Amino acid sequence: MAESNTKKRKHVSGNNRRNVWLLILLTLLVVGSVFMFTPPQEKINQGLDIQGGLSVVLTANSTDGDSVSQEDMEVSRDIIESRVNALGASEATVQIQGNNQILVQIPGISDTQDALDTIGRTGNLEFARLDSFTDEEVQQKIDSGNLTTSTTITDDYGNSLPSEGGTQLTVEEGTYTPIVTGANIQSVTIDKQSEGSPYYAVNITLDAEGTQAFAEASADLVDDHGKIVIILDGVVNSAPAVQSEITTGQVSITGNYSQDEAKALKTVLESGSLPVSFTYAQSQTVGPTLGQDALASGVLVALAGILLVMLYLLFFYHGLGMITAAAIAVFSVLYLGLLATLSHFGLFSLSLSGVAGIVLTIGMAADSSILTLERFREEIRFGRSVRAASITGVRHGILTSIDADLVSLVTALSLFFLASSGVKGFGLTLALGIMCDIVMMLIFKAPLIRLLAPHAIAKHPGFWGVSDCQAAASVYKELSEAEGETVETSVSLEAINSADNETYATRKGGERGTVAAKAASKVKGRFIKHDINFLGYRKVFLTIAAVVMVLSAVIIGVRGLNLGIEFVGGTSITFTDTGSVTTDQMRSAFADAGESDAVIQTTTNNGEAGFIVRTTNADAAESAGEATAVANGLGLSSSNFQVSTIGPDWGASVIQSMFIALIVSFILIIAYIALRFRQYKMGVTAIVALVHDILLVVGIYALVGREINPNVIAALLTILGYSLYDTVVVFHRISDNMEHSEVPCTFMTMANHSMNQVFIRSINTTLTSIIPVFAMLLFGSETLQDFAFAMVIGLLAGAYSSIAIACPLFAIWKSREEKNVNLTKKYGNEVGRFATSRGSLTYAAPEKEAEAAKPAVAVAEKEAAAQPKQQEQAEQKSAAQIAKEKRAAARKQAKKKKTHEAAQPEIRIVDREKFEEASEEAAKHTSEGTEE
């Protein structure tokens, strides 16, 4: 015995050392994280939508109908990067995106219109003789100097007025013969067009080949002053007449350019022409003030969400809530440190969608903590010591949480790799948050609870919030002894059906069993004591779900969806802090800028009045110019408007990426659940629940007419993770019970009991998840509010669908398996019933079960017949004699049961971990001199 105790003390001491080392490792990580992210505004890179600037997505267009080659994309990227660098931009990003797109991000730029004119221009410069043009109409226009076609606009009174500018003359490639191209350019300079002129000229020096070609052409045209046409990107720039032979290779391009326009043309010509043409698929211009206000709003929401979640956890879990609050704080520090580290290597920039991802991971961190605490408390109710529960309960809770986190990670990675650029930031921050949550659980939460359990928690159970579990454990222990079952089995029997359990306890333990069962039915505590009959109403739940899905589909079909410009193309201009500007003034300003059909909507952002203006113009440069003209005309600052321009093909790519992300997520989710739980049926029914959630959210959007944009798409894909989190937790418990349960009941009853075992956790995790999201809806910027509206609906739908759709469908499907059909025939269709006529509740092999039940029933009937006589004799004896005889009877009954079980060929499913824990506890009690 002494040797055994010594080994046990060494084992415990070794575990404590490991826990201490894990906390030391955590301390080092926390210190390093604080060093990395302090101060956060300097150490964490801010994206364009926070610090302001220009973001453009360019789509390459092949001229010959073939796909654009990777070589052309690489050359184009280098040329565009040289143009961006020539603009003087610092920390600009130019990268290939997909097969035919280039993403350009220029932070801090002020003149976005000039930048747009520069970076995406093909830059194909050509000089051609006028007499080489084959289109006589075009040749006549150039010769007469008619290079611009004026356009008119109609005012509110029907008057046609000439508009500013006009349409420049374009020529088709192949309708003329070039003399010199941009490939012959050796150097480019700018200078005044002439002395005293306000305009600038772009001067070109040609190489030897270009000089000779130009000299020959000018010599041929000088006699009759023929014209040489200058063509830039298919647009006729000018057509000067040759006055003298030009042999020096010095050519001047004039076109009444301003200095900035001349510089932009110089940049384009110096960088060379792009091998393919590009169109603007997406353009976003953000003022720095607008972004900083949104960031401040996001930080406020994050802090408010953390505070509210912590307060709720402290209220419900008492001292254990402090551990959870500390875990969230550690999670936040590790998270910021990771973001700062990635920022240091240029791998991360925080965007507004990323802020939304950070806020949502707060709820996920609280989720995992609640799951662990509930399992820890449950193990104490099962009669384990606080120290033993800190080992088994925390381990089971963390494993379940990791399973749910990994399913959410599938969604996050699908977003990052498959969604459009605006959603990538959200997917990245969500994935990083999940990883930090797993690390926090393994090196902080688990070792801390295990160190505190045998001392602080065990000595002060009331403060730490486990006294109700300990009180319940003593009641359930008495019940289990009376029934001759394990505490876990007796707890399950009481929860499944209290009335049946009292009958069973009376039959097994006589008066003692009756008293114990009645005490168990009245036990107090913050947990589910008696199962709610969820699956008893499965047909009602599934009917409601089917009706909701059909109605949502009908509403979407009838009312349609209010798709944002990201799907249909056009421009959205957001003005903030517009003061006293009225809607009529805004409409008039846009009409003056050439957008008389603009759709104008008032909005409020952080308590300040503003406008959202939508136009059908998908030209990024023109839209930026119109927004600047309107802002100047209304006296608004350039930092108070945001321009988002989407090309007509962008919506198709967004929808395509969304469906790809959904399909990939579905496949990976089914595969993971099938491999993890060896039940593909779980994965399929989980996907059905997800489809219900998505249809419901989209249907409500169609009903209220709210706009669907990339933020909503991000929310829809995030709902997948949250809905699955609940579903996976329930499936995890069902899987455990399928493997270890000793209750003789149908699969439907066991599944219903599993749902109830995690129901409190589901309520608490839904509340802690929805708190920060609801804070976003109330206090966040417009970007966060779009996201939060879908998330609030999705979280509620996800919590409901786990109970009302996923589990009922799985239970119905699973109940049709041959083994479970036999159980239904044996125990009946009613949910919430178990067999009370057997001597043992342990599952037996099906072929042995009926045979094993016969002697058990005979013993039970004999005991039941003898009970009245025994009770009458007991009433005539003293209390001491009664107690003495009860102890003797209990020992005799246990011996009889042991002998009977040894004689019956029976298969028991043994939980090795529980057996080892029980042995460990017995050794501990023996060493401390504890008497049963």
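Each value, and the rule that gives it
- Residues numbered from 1 in each chain as written.
- Predicted model: local features only at pLDDT ≥ 70, side-chain atom pairs only at ≥ 80, totals over all residues.
- Heavy atoms only, no water.
- Helix = DSSP H or I, 4+ residues; strand = E, 2+ residues; numbered from the N terminus.
- Expected span 1.5 Å × (residues − 1).
- Buried < 20%, exposed > 50% of the residue type's maximum accessible area, 1.4 Å probe, protein only.
- pLDDT = per-residue confidence, 0-100.
- Contact = heavy atoms within 4.5 Å.
- Phe/Tyr/Trp six-rings, centres within 6.5 Å; stacked < 30°, edge-to-face > 60°.
- Lys NZ or Arg CZ within 6 Å of the ring centre and 35° of its normal.
- Pairing = 2+ DSSP bridges.
- Axes fitted to C-alpha atoms, helices over the stretch in contact; angles between N-to-C directions.

### A few points about helix α4 (residues 70–86)
And step 1. Taking 1.5 Å per residue as the helical rise, α4 with its 17 residues ought to reach 24 Å, and the 24 Å between its terminal C-alpha atoms agrees with that figure.
And step 2. Among all positions of α4, only Met 73, Ser 76, Arg 77, Ile 79, Ile 80, Arg 83 and Val 84 are buried.

### Some words on the confidence of the model for the chain
And step 1. In the predicted model, the chain carries a mean pLDDT of 79, and the fraction of residues at 70 or more is 81%.
And step 2. Scored below 50 in pLDDT, residues 897–916 shows 27 contacts in the model against residues more than four places distant or in partner chains.
And step 3. Throughout residues 922–932 the model reports pLDDT below 50, and contacts reaching past four residues in sequence, or to other chains, amount to seven contacts.

### Here we look at helix α15 (residues 467–483)
And step 1. Spanning 17 residues, α15 covers 24 Å between terminal C-alpha atoms, matching the ideal 24 Å at 1.5 Å per step.
And step 2. Looking one or two residues beyond α15, the residue adopting positive phi is Gly 484, at roughly 75 degrees.

### Brief notes about the packing of aromatic side chains
And step 1. Tallied over the entire structure, the rule returns 13 aromatic pairs.
And step 2. Plain terms: the ring middles of Tyr 312 and Phe 316 are 6.2 Å apart, the flat faces sit at 20 degrees to each other, and that makes the pair stacked. Of this pair, Tyr 312 and Phe 316 both sit in helix α9 (residues 288–317), separated by four residues, roughly a single helical turn.
And step 3. Measuring from ring centre to ring centre gives 6.4 Å for Phe 541 and Tyr 800, while their planes differ by 90 degrees; the resulting arrangement is edge-to-face. Separated by 259 residues along the polypeptide, Phe 541 in helix α18 (residues 538–559) and Tyr 800 in helix α27 (residues 782–815) bring together distant segments of the chain.
And step 4. On the basis of relative accessible area, Tyr 800 is assigned to the partly exposed category, the value being 29%.
And step 5. One aromatic cluster in this structure is built from Tyr 312, Phe 316 and Tyr 317.
And step 6. In this structure, Lys 43 packs its charged tip against the face of Phe 35, placed 5.6 Å from the ring centre.

### Let's talk about the sheet that holds strand β9 (residues 178–181)
And step 1. Read from one edge to the other, the open sheet built from four strands follows the order β9-β4-β12-β13, with strand pairing classed as antiparallel. In this open sheet, the two edge strands, each paired with only one partner strand, are β9 and β13 (235–238). Across the sheet, the mean angle from the axis of one strand to that of its neighbour is 35 degrees, orientation sign disregarded.
And step 2. In terms of strand pairing, strand β4 (residues 125–129) meets strand β12 (residues 228–232) through five bridges, oriented antiparallel. Each bridged residue has a counterpart across the sheet, and for Leu 125 the counterpart in β12 is Leu 232.
And step 3. Against the sheet, helix α7 (residues 208–221) contacts β4, β9 and β12, and its axis sits at roughly 145 degrees relative to β9.

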